[in-house]
Amino acid sequence: MTREEFIKKSLAMGIGLPFLTSIIAACEKEVIEFPEFSTSFSGKVLVIGAGASGLAAGYLLSRYNVDFEIIEASPVYGGRVKRASNFVDFPIDLGAEWIHATPAVLSEILNNPELDASIDFITYNPQTLKGYRDGRLQPHNYASNFYSEIKFKSTTWFGFFEQYIVPHFEDKIIYNQPVATIDYSGSKVAVTTIDDTVYEADKVIVTAPIKILQSDTISFVPALPAAKTEAINSISMGDGLKVFIEFKEKFYPDLMVLGGLIEGLANDNEIFYDAAFRKDSNRHVLGLFTINEPASKYTTLDSDQAIVDAVMEVLDDIFEGKASENYLQHVVQNWSKEPYIQGSYSYTFDNGQEETVNTLNEAVNNKLYFAGEALSLENQATVHGACESGYAAVGRAIGQ
Ligand SMILES: Cc1cc2nc3c(=O)[nH]c(=O)nc-3n(C[C@H](O)[C@H](O)[C@H](O)COP(=O)(O)OP(=O)(O)OC[C@H]3O[C@@H](n4cnc5c(N)ncnc54)[C@H](O)[C@@H]3O)c2cc1C
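Residues numbered from 1 in each chain as written. Predicted model: local features only at pLDDT ≥ 70, side-chain atom pairs only at ≥ 80, totals over all residues. Heavy atoms only, no water.

**A short note on the overall build of the protein**
Inference 1: Scanning the protein from N- to C-terminus turns up 13 helices and 23 strands.
Inference 2: Scaling as 2.2 N^0.38, a compact globule of 400 residues should have a C-alpha radius of gyration of about 21 Å, and the protein matches this with 21 Å.
Inference 3: Summarising its shape, the C-alpha atoms of the protein cover approximately 65 × 45 × 40 Å along the three principal directions.
Inference 4: The buried share of the protein, reckoned over its 400 residues, is 58%.
Inference 5: Residue pairs at least 24 apart in sequence account for 73% of intrachain contacts in the protein once pairs closer than 6 positions are excluded.
Inference 6: With an accessible surface of roughly 16600 Å², the protein has 48% of that area assigned to carbon and sulfur atoms.
Inference 7: Placing the 30 positive and 54 negative side-chain charges of the protein at their respective mean positions leaves the two points 2 Å apart. (Helix = DSSP H or I, 4+ residues; strand = E, 2+ residues; numbered from the N terminus. Rg over C-alpha atoms; globule rule 2.2 N^0.38 Å. Buried < 20%, exposed > 50% of the residue type's maximum accessible area, 1.4 Å probe, protein only. Contact = heavy atoms within 4.5 Å. Areas by Shrake-Rupley, 256 points an atom, 1.4 Å probe, with all protein chains shown as cover. Lys, Arg positive; Asp, Glu negative; His and termini not counted. Charge placed at Lys NZ, Arg CZ, Asp CG, Glu CD.)

**Details of the environment of A276**
Inference 1: In this structure, A276 sits in the loop between β19 (271–274) and β20 (284–291).
Inference 2: For A276, a relative accessible area of 7% gives the class buried.
Inference 3: In this structure, the C-alpha to C-alpha distance between A276 and V204, residues 72 residues apart in sequence, is 41 Å.
Inference 4: The contacts of A276, once residues within four sequence positions are left out, are F90, R283 and V285.

**Let's talk about the pattern of salt bridges**
Inference 1: Applying the stated criterion to the full structure yields twelve salt bridges.
Inference 2: Between E338 and K82 there is a salt bridge, with the nearest N and O atoms lying 3.6 Å from each other. Here K82 lies in the loop between β2 (67–71) and β3 (83–84) and E338 lies in the loop between β21 (327–334) and β22 (346–349), a separation of 256 residues in the sequence.
Inference 3: E338 gets classed as partly exposed once you look at its relative accessible area, which sits at 24%.
Inference 4: Its salt-bridge partner being E162, residue R83 comes within 2.9 Å of it at the nearest N-O pair. Taken together, the positions of R83 in strand β3 and E162 in helix α5 (residues 157–165) put the pair 79 residues apart, joining distant regions of the chain.
Inference 5: Assessed through its relative accessible area of 26%, R83 is described here as partly exposed.
Inference 6: Overall, E162 belongs to the partly exposed group, its relative accessible area being 35%.
Inference 7: Each of E97, K151 and K242 takes part in one network of salt bridges that share partners. (Salt bridge = Lys/Arg side-chain N within 4 Å of Asp/Glu carboxyl O.)

**Some thoughts on the site of the ligand**
Inference 1: Close contacts around the ligand come from 40 residues, with S53, E72, R80, W98 and E373 the closest.
Inference 2: Here S53 contributes a backbone N or O atom positioned 2.8 Å from an oxygen atom of the ligand.
Inference 3: At 3.4 Å from a nitrogen atom of the ligand is found a side-chain nitrogen or oxygen belonging to H100.
Inference 4: Starting from 1000 Å² of accessible surface for the ligand in isolation, the protein chains cover 99%.
Inference 5: When residues of the shell around the ligand are traced back to their parent elements, those giving at least two are α3 (52–63) and α13 (383–398).
Inference 6: Each of domain 1 (1–78 + 91–119 + 155–235 + 347–400) and domain 2 (124–144 + 239–343) accounts for three or more of the residues forming the shell around the ligand. (Near = heavy atom within 4 Å. Polar contact = N/O pair within 3.5 Å; in protein donor to acceptor, adjacent residues only side chain to side chain. Domains from an automatic or database assignment.)

**Some words on the environment of I48**
Inference 1: Counting through the fold element by element, I48 comes out in strand β1 (residues 44–48).
Inference 2: C-alpha separation for the pair I48 and G343, spaced 295 residues apart in sequence, amounts to 18 Å.
Inference 3: Discounting residues that sit within four places of it in the chain, I48 has contacts with I71, V179, I182, V191, V204, I205, V206, T207 and A208.

**Points about helix α9 (residues 292–299)**
Inference 1: Buried within α9 are the following residues: N292, P294, A295, Y298 and T299. When α9 is viewed along its axis, its buried side chains cluster within an angular range of 145 degrees and face the same direction.
Inference 2: Elements that come into contact with the buried residues of α9 comprise β17 (240–247), β20, α10 (304–318), β21 and β22. (Arc of directions from axis to C-beta.)

**Describing the pairing of strand β9 (residues 149–152)**
Inference 1: Residue alternation in β9 divides its side chains into two sets, E149 and K151 and I150 and F152, and both sets are buried.
Inference 2: In terms of strand pairing, strand β5 (residues 98–99) meets β9 through two bridges, oriented antiparallel. Residue pairing across strands places W98 opposite K151, the latter belonging to β9. (Pairing = 2+ DSSP bridges.)

**Points about the side chain of N361**
Inference 1: Inspection of the secondary structure assignment puts N361 in helix α12 (residues 353–361).
Inference 2: Looking at N361, the relative accessible area reads 17%, which means it is buried.
Inference 3: If near-sequence neighbours (up to four positions away) are discounted, N361 is found in contact with F370, L375 and R396.

**So, the packing of α3 against α5**
Two quantities define a packed helix pair, namely the angle between the helix axes and the distance between the axes.
Inference 1: Axis separation between α3 and α5 bottoms out at 12 Å; the angle between their running directions is 15 degrees. When the axis of α3 is compared with that of α5, the two are roughly parallel. Our pair here, α3 against α5, has a crossing hand that is left-handed. For the pair α3 and α5, the contacting residues are A52, L55 and Y59 in the first and F161, Y164 and I165 in the second. (Axes fitted to C-alpha atoms, helices over the stretch in contact; angles between N-to-C directions. Parallel < 35°, antiparallel > 145°, perpendicular 65-115°, else oblique. Left-handed = near helix turned anticlockwise from the far one by under 90°.)

**Considering the nonpolar core**
Inference 1: Ranked by internal contacts, the top residues of the largest apolar core, which has 48 residues, are L55, W157, F160 and F161.
Inference 2: Elements represented by at least two residues in this core include exactly β1, α3, β2, α4 (104–110), β9, α5 and α13.
Inference 3: Considering every element that reaches this core, the biggest residue donor is α13, with eight residues.
Inference 4: Dropping the residues within four chain positions of it, W157 is found in contact with V81, D93, A96, E97, W98, I99, L106, I109, F152 and V383. (Core = buried A, V, L, I, M, F, W, Y, C linked by side-chain atoms within 4.5 Å.)

So, to be careful, I would describe these as geometric facts and stop short of saying anything about function.
Right, dumping it as C-alpha cells:
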C-alpha cells in the first residue's frame, strides 16, 4: 500500500488520518491549494448547492467581485456540514466532525493573512479503545499510542463556515429552491427550480452530491456528454448515519468498533465514540458513526425512533442493559433520508479515481462545471476536499 493509498484507506474508514501522517503530509506541501489567477470575467455565475464546496466557491467569487448567486434546495446552508446547537452544552457535528488534516488546513481554506482567527482544537486520541467481536469486548488501548487527529473544541465545521465564510456573501444564498433543470443549450445557462423560477447565468457550477447527480433530480438540456454520465454513475456513495445519545454515566470506552477494532474498521463497521472527549463539558454523549452497508440496516428503518431503538438494543446487548438504565436523550441524523444528499460520501471509483475525476472536472461547453467532495483527487470525502474542489471549479470557470 502506498502512502497515498494508506491515507485514502484511513479516510475511507471514516476515522481519518493518523496525526503523524498528517504532519508528514503538511510538511511536504500545503494540503489544499487556494487558486490565484487573473480574470476579466464580467458575467454572472450560479452555484448550485450551499454545502462546503458551494460555500467555498462563493467565498472565492466574492473575493474576485464576481456577480453570483448560490441556489440551495434546503432551508439551510452547510449540506453535510450540520450542527446540533442545543442538544447538550457543546455543539455537535451531525455530519463532518474531524479535521482530516492539520489545523493549518483551515487557514489554507480562508487564505486571509489579515484574519485573526483563533480556534481551539482538541487532540483527539482516544485512550480507551475496544473492539466488540464474538460477544466480547476486547481492549486495544495500545492503539492510543499511534492514533490521533484533530477536532474542534468549542465550535464545529458548521460554526467555522458560519463565522468565517458565509458572512462574506450571506445575501447571495437563495434557499428552498431545488434545481430541476439546467439548460445550457443557449448563450446563457437557464436554471429552473421546482417551482418554475428561472435563473440565468453565463457559467454554472454544480456542487450537488454524487447520489443526486445519479438520480433524475436535475435534468440537463442537452443531456450531459456520455463520458460525464458514465463517470458520475461509476462512483459509489453508500448510506450514512450519525446518532448521538446522552447518558447519565459513561459506561462505554472512548472508542469502540463493532467486529473488532482493526477488522471492524477495515469493513466499515459501526464506530461508537465518546463525542464529549476533551470537550469543555461534563455531559456523557456517545456518538455512532456508520456508513455504507453497516449503516443501511439503520438508515432504511421507518423513523428516527426506530433507529435509536435499534442502536439502544445493540448497546444494551454489549453493556448488559446499562444503555437503557442511563439513557437521557438522543438525536439522529439519517443522511440517507436527506432528500438532497441521499447518503454519506463518495467511496469507490469503478473506472479509476483519477480518470473519473478528470472527466468530471472538464467544463461542458465552457459553461457548466462540477465540484464537490467526490471531485477532489487528493482530499476526497472531506470538507477541505470539498472546498478545494469548489475553488478549483471557480478557477476553471472564470480564471484565465
Ligand atoms: C456522516 C458523515 C460524516 C463525515 N465526517 C467527516 C469528517 O469527520 N471530516 C470531514 O472532513 N468530512 C467528513 N464527511 C464528509 C464531508 O461532510 C463532505 O465531504 C462535505 O461536507 C461535502 O461537501 P459538498 O459541498 O461536496 O456536498 P454537500 O455538503 O452535500 O453540499 C451539496 C449541497 O447541494 C444541495 N443540493 C442538492 N441537490 C440540489 C438541487 N437539486 N438544487 C439545489 N441544491 C441542491 C444540497 O442540499 C447540499 O446543501 C462526513 C460526511 C458524512 C455524511
